[in-house]
Amino acid sequence: MTDRLRIGILGAGGISQLVHIPVIRKHPDAEVVAIADLEYAKAATVADKFKIPSFYRDPERLLARLEKDFGEVDIVVHNVGGNLGISDPFCPIQDWRKI
């Protein structure tokens, strides 16, 4: 596989930091390309800690940026309020706006 799986994460809390990001980083063909959290400082801190290139407060901006940069993101991990939803490549980024 030559292309890496690009992943955007919504929610920069403990589960993202302790589980999702570290697990994704261990996979040689996957990378977290952006993170968003309603607490902008938290998103910035987590992005810096894990070398995630883009971070946002507004999930809509994260989705718009990923769509612009990549056309369609492979996976978006939604980890807010203890609930987890995962969009795979069969779910266009526009569908996440409806959730």
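See above for the structure.
Residue numbers run consecutively from 1 along every chain, following the written order of its sequence. Restriction of local features to residues with pLDDT of at least 70 applies here, the model being predicted, together with a cutoff of 80 or more for giving and counting side-chain atom pairs; totals for whole chains, interfaces and linings are based on all residues. Calculation of side-chain values draws on the structure's entire complement of heavy atoms; hydrogens and water are dropped beforehand.

Draft legend 1. Examining the overall build of the protein chain more closely. Of regular secondary structure, the protein chain possesses four helices and five strands. Comment: elements are numbered from the N terminus, with helices defined as DSSP H or I runs of at least four residues and strands as E runs of at least two. Walking the protein chain from its N terminus toward its C terminus, one meets helices and strands in the order β-α-β-α-β-α-β-β-α. Each residue is assigned to one of three classes by its accessible area relative to the maximum for its type, calculated with a 1.4 Å probe on protein chains only: buried under 20%, partly exposed between the two thresholds, exposed over 50%. Relative to its full complement of 99 residues, the protein chain shows a buried share of 39%. In the protein chain, the share of contacts with a sequence separation of at least 24, taken over all contacts with a separation of at least 6, comes to 54%. The Shrake-Rupley method, run with a 1.4 Å probe, gives the accessible areas here. Residue values count only the displayed protein chains as cover. Per element, the accessible surface of the protein chain, about 5900 Å² overall, is 56% carbon and sulfur. Only heavy atoms matter for contacts: two residues are in contact if any of them lie within 4.5 Å across the pair.

Draft legend 2. Broad picture of the environment of P22. In this fold, P22 is placed in helix α1 (residues 14-26). For P22, the contacting residues outside a window of four places in its chain are S16, Q17 and F50.

Draft legend 3. Region of interest: the packing of aromatic side chains. Two aromatic rings, drawn from Phe, Tyr or Trp (for Trp, its six-membered ring), form a pair once their centres lie within 6.5 Å of each other, and the interplanar angle then sorts them: stacked below 30 degrees, edge-to-face above 60, tilted otherwise. Applying the stated criterion across every chain, the model contains one aromatic pair. Considering the side-chain rings of Y40 and F55, the 5.5 Å spacing of their centres and the 50° angle between planes classify their relative orientation as tilted. Taken together, the residues span a long stretch of sequence, with Y40 in helix α2 (residues 40-50) and F55 in strand β3 (residues 54-56) at a distance of 15 residues. Under the relative-accessibility criterion, Y40 is labelled partly exposed at 46%.

Draft legend 4. View of the nonpolar core. The term nonpolar core refers to a set of buried residues drawn from Ala, Val, Leu, Ile, Met, Phe, Trp, Tyr and Cys, joined through side-chain atoms within 4.5 Å. One finds I7, I9, A12, I21, I24, A30, V32, I35, V46, A47, F50 and I52 forming the largest nonpolar core, which totals twelve residues. At the level of secondary structure, the elements contributing two or more residues to this core comprise β1 (5-10), α1, β2 (30-36) and α2. With residues near it in sequence (within four places) discarded, V46 still touches A12, Q17, I21, I35 and I52. Grouped together as the second largest cluster of nonpolar side chains are eight residues, L10, A34, L62 and L66 included.

Draft legend 5. A nonpolar patch on the surface, seen in detail. Together, I15, L18, V19 and V23 make up an exposed nonpolar region whose accessible area comes to about 400 Å². Judged by relative accessible area, L18 falls into the exposed class, the value being 71%. Patch definition: residues above 30% relative accessible area lacking any salt bridge, with like charges linked at up to 9 Å and the nonpolar side chains Val, Leu, Ile, Met, Phe, Trp and Tyr linked at up to 5 Å. Counted as salt bridges are all cases of a side-chain nitrogen of Lys or Arg within 4 Å of a carboxyl oxygen of Asp or Glu.

Draft legend 6. Representation of the packing of α1 against α2. The interhelical angle for the contact between α1 and α2, taken along N-to-C directions, is 35°, at an axis separation of 12 Å. The two elements α1 and α2 cross, and the hand of that crossing is right-handed. Each of Q17, I21, P22 and R25 in α1 lies in contact with α2, whose residues at this interface are V46, K49 and F50. For the contact of α1 with α2, the residue count by class is four nonpolar, one polar and two charged. Axis angles are defined between N-to-C directions and span 0 to 180 degrees, where every axis is a line fitted to C-alpha atoms and, for a helix, only to the segment in contact. Crossing handedness follows the turn of the near helix against the far one: under a right angle anticlockwise gives a left-handed crossing, and clockwise gives a right-handed one. The nonpolar class holds Ala, Val, Leu, Ile, Met, Phe, Trp, Tyr, Cys and Pro. Asp, Glu, Lys and Arg form the charged class, and all remaining residues, Gly among them, are polar.

Draft legend 7. Broad picture of α1. To estimate how far a helix should reach, multiply one less than its number of residues by 1.5 Å. Taking 1.5 Å per residue, 13 residues should reach 18 Å; α1 reaches 18 Å between its end C-alpha atoms and fits that length. Maximal helix bending in α1 amounts to about 30°, located at H20; proline P22 follows within four positions. The set of residues buried in α1 consists of S16, H20, I21 and I24. Consider a residue and the seven residues that end there alongside the seven that start there; fitting an axis to each set, the bend is the angle between those axes.

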